[in-house]
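# A structural walkthrough
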Amino acid sequence: MTSDTLSTLTSGVLRPPPLTLYVHLPWCVRKCPYCDFNSHRAAKTLPEEEYVAALLADAEKTLPSVWGRRPCALYFGGGTPSLFSPSAIFRLLSGLRALYNPLADAEITLEANPGAADAGKFAEFRAMGINRLSLGVQSFNDDALSRLGRIHDGAQSHAAAAAACDIFDNVNLDLMHALPEQTRSAALSDVNMAMGYRPTHLSLYELTLEAETVFYKSPPAGLPSPDEAAAISEAVIGVATGGGYARYEVSAYALKSHECRHNLNYWRFGDYLGIGAGAHAKISISGALYREQRIKHPADYMKRAMNGDAVSERRKVSGREAVFEFMLNALRLCDGFEISLLAERLGGGTSAAEKALTLAEEQGLIARSATTIRPTEKGMRYLNDLLLLFLPEKAEL
């Protein structure tokens, strides 16, 4: 690949991609030992007024970079957003609507945990315009939840799932499997219980030991072997798809037309704004791609945001990085991507990654046609190996 090709790889984009907005609310009752997100243990009283003011100041400062573009989805993540009072979420949502004028049918998701919300809160969130709830159940089993360090028990998982699916038309339930001391039958029981509430979406994650977490530093006893974890995952996939949930991404399953729009926009390499402590953003401006990250610590973020200086890092993404980042996202999708999307998002074709694509195909990790590239079943199972092929130094972009 020539330097001239690299210089034009992220130019020539005729129109900006779809836009979504991510809002990070960083507090939890306590931090789970497997969590590597930017989350912080909440004090007795949350600084709701100050944090909402900081978020709206940050959002207003960011607005010129996407002027005239209307978000197709908003996502309130964390942390545990449901710790915030409905009145605080209402003020925040109202302010963001006034600034960004999201599409009339925009998907608006709020994350909640069974130990940090109840049916009354859910009803208030729904009344203000939150139209999708993502509930961090993780398991319905008391022992599993205890080993994961969750603050809720199985009864609370059931109560929250029932309330969420009764109040919201669009609900995601998060479940984890391949847990310490978890049997295959216990993992499948969790999935079947979740499907019994008939949520529109399931996120089914295999427990991984992420760097900088308590579990990474001190792995829990009773973790399944890699082969055992793979067998549990395959069984979970079978139960979910057999129950009518189409697997469309590595860990995501949905009833027809209920794929998560916000996450799909990530995986299709759309643009997204990120406001809040530690939030990330990807923005296309005049054919170039920019990455931003906000100040991570909540107190520092609030101070800096009110002074119009919440961004800790902003950089232009090179052509080499852009191809890798595109593949990092698009190859998570079971159906892969249309080759035309690469040109639409980056202004170039597949030639920039041809060596990596050829290696991936030879190893049985992807399947290619004249119009599409998708991961095979083997590629989905060994996704990290597949994506590593596209690292710039390996792919020789």
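In case you missed it, the structure is sitting above this.
Read on for a plain summary of the structure. The structure displayed is predicted, hence computed values, not measured ones.

### Structural notes on the packing of aromatic side chains
- Counting across every chain of the model gives 11 aromatic pairs.
- Three or more aromatic residues joined by ring pairs form one cluster here, namely W27, Y51, F84 and Y301.
- The ring of F269 is capped by K282, whose NZ or CZ atom sits 4.4 Å from the centre of that ring.
- In this structure, R314 is placed above the aromatic ring of Y290, and the distance from its NZ or CZ to the ring centre is 4.5 Å.

### Points about the environment of V191
- Looking at the secondary structure, you find V191 in helix α7 (residues 184-196).
- Assessed through its relative accessible area of 3%, V191 is described here as buried.
- Each C-alpha atom, one on V191 and one on V236, is 7.1 Å from the other, the two residues being 45 residues apart in sequence.
- Setting aside chain neighbours within four positions, we find V191 in contact with L175, V236, V239 and A240.

### Things to note about the packing of helix α2 (residues 48-62) against helix α11 (residues 298-306)
- Running from amino to carboxyl end, α2 crosses α11 at an angle of 50°, the nearest separation of the two axes being 8 Å. With respect to their mutual orientation, α2 and α11 come out oblique. Remark: the crossing between α2 and α11 carries left-handed chirality. In this structure, α2 uses E50, Y51, A53, A54, L55, A57 and D58 to contact α11, whose residues at the interface are Y301, M302, A305 and M306.
- Residue composition of the contact of α2 with α11, by class: 9 nonpolar, no polar and 2 charged.

### Concerning the sheet that holds strand β15 (residues 337-338)
- Strand order in this open sheet of 3 strands is β15-β17-β16, and the pairing throughout is antiparallel. The sheet is open, and its two edges are formed by β15 and β16 (366-368), each paired on a single side.
- As paired elements, β15 and strand β17 (residues 372-375) share 2 bridges and run antiparallel to each other. Opposite F337, over in β17, you have I373 as the bridge partner.
- Taken strand by strand, helix α14 (residues 354-362) contacts β16 and β17, and its axis lies near 110° from that of β16.

### Quick notes on a nonpolar patch on the surface
- A surface patch of nonpolar side chains, amounting to about 250 Å² of accessible area, comprises L209, Y216 and L223.
- Residue classification places L209 among the partly exposed residues on the basis of a relative accessible area of 31%.

Rules and cut-offs
Residues numbered from 1 in each chain as written. Predicted model: local features only at pLDDT ≥ 70, side-chain atom pairs only at ≥ 80, totals over all residues. Heavy atoms only, no water. Phe/Tyr/Trp six-rings, centres within 6.5 Å; stacked < 30°, edge-to-face > 60°. Lys NZ or Arg CZ within 6 Å of the ring centre and 35° of its normal. Helix = DSSP H or I, 4+ residues; strand = E, 2+ residues; numbered from the N terminus. Buried < 20%, exposed > 50% of the residue type's maximum accessible area, 1.4 Å probe, protein only. Contact = heavy atoms within 4.5 Å. Axes fitted to C-alpha atoms, helices over the stretch in contact; angles between N-to-C directions. Parallel < 35°, antiparallel > 145°, perpendicular 65-115°, else oblique. Left-handed = near helix turned anticlockwise from the far one by under 90°. Nonpolar A, V, L, I, M, F, W, Y, C, P; charged D, E, K, R; others polar. Pairing = 2+ DSSP bridges. Patch = residues over 30% accessible without salt bridge, like charges linked within 9 Å, V, L, I, M, F, W, Y side chains within 5 Å. Areas by Shrake-Rupley, 256 points an atom, 1.4 Å probe, with all protein chains shown as cover. Salt bridge = Lys/Arg side-chain N within 4 Å of Asp/Glu carboxyl O.

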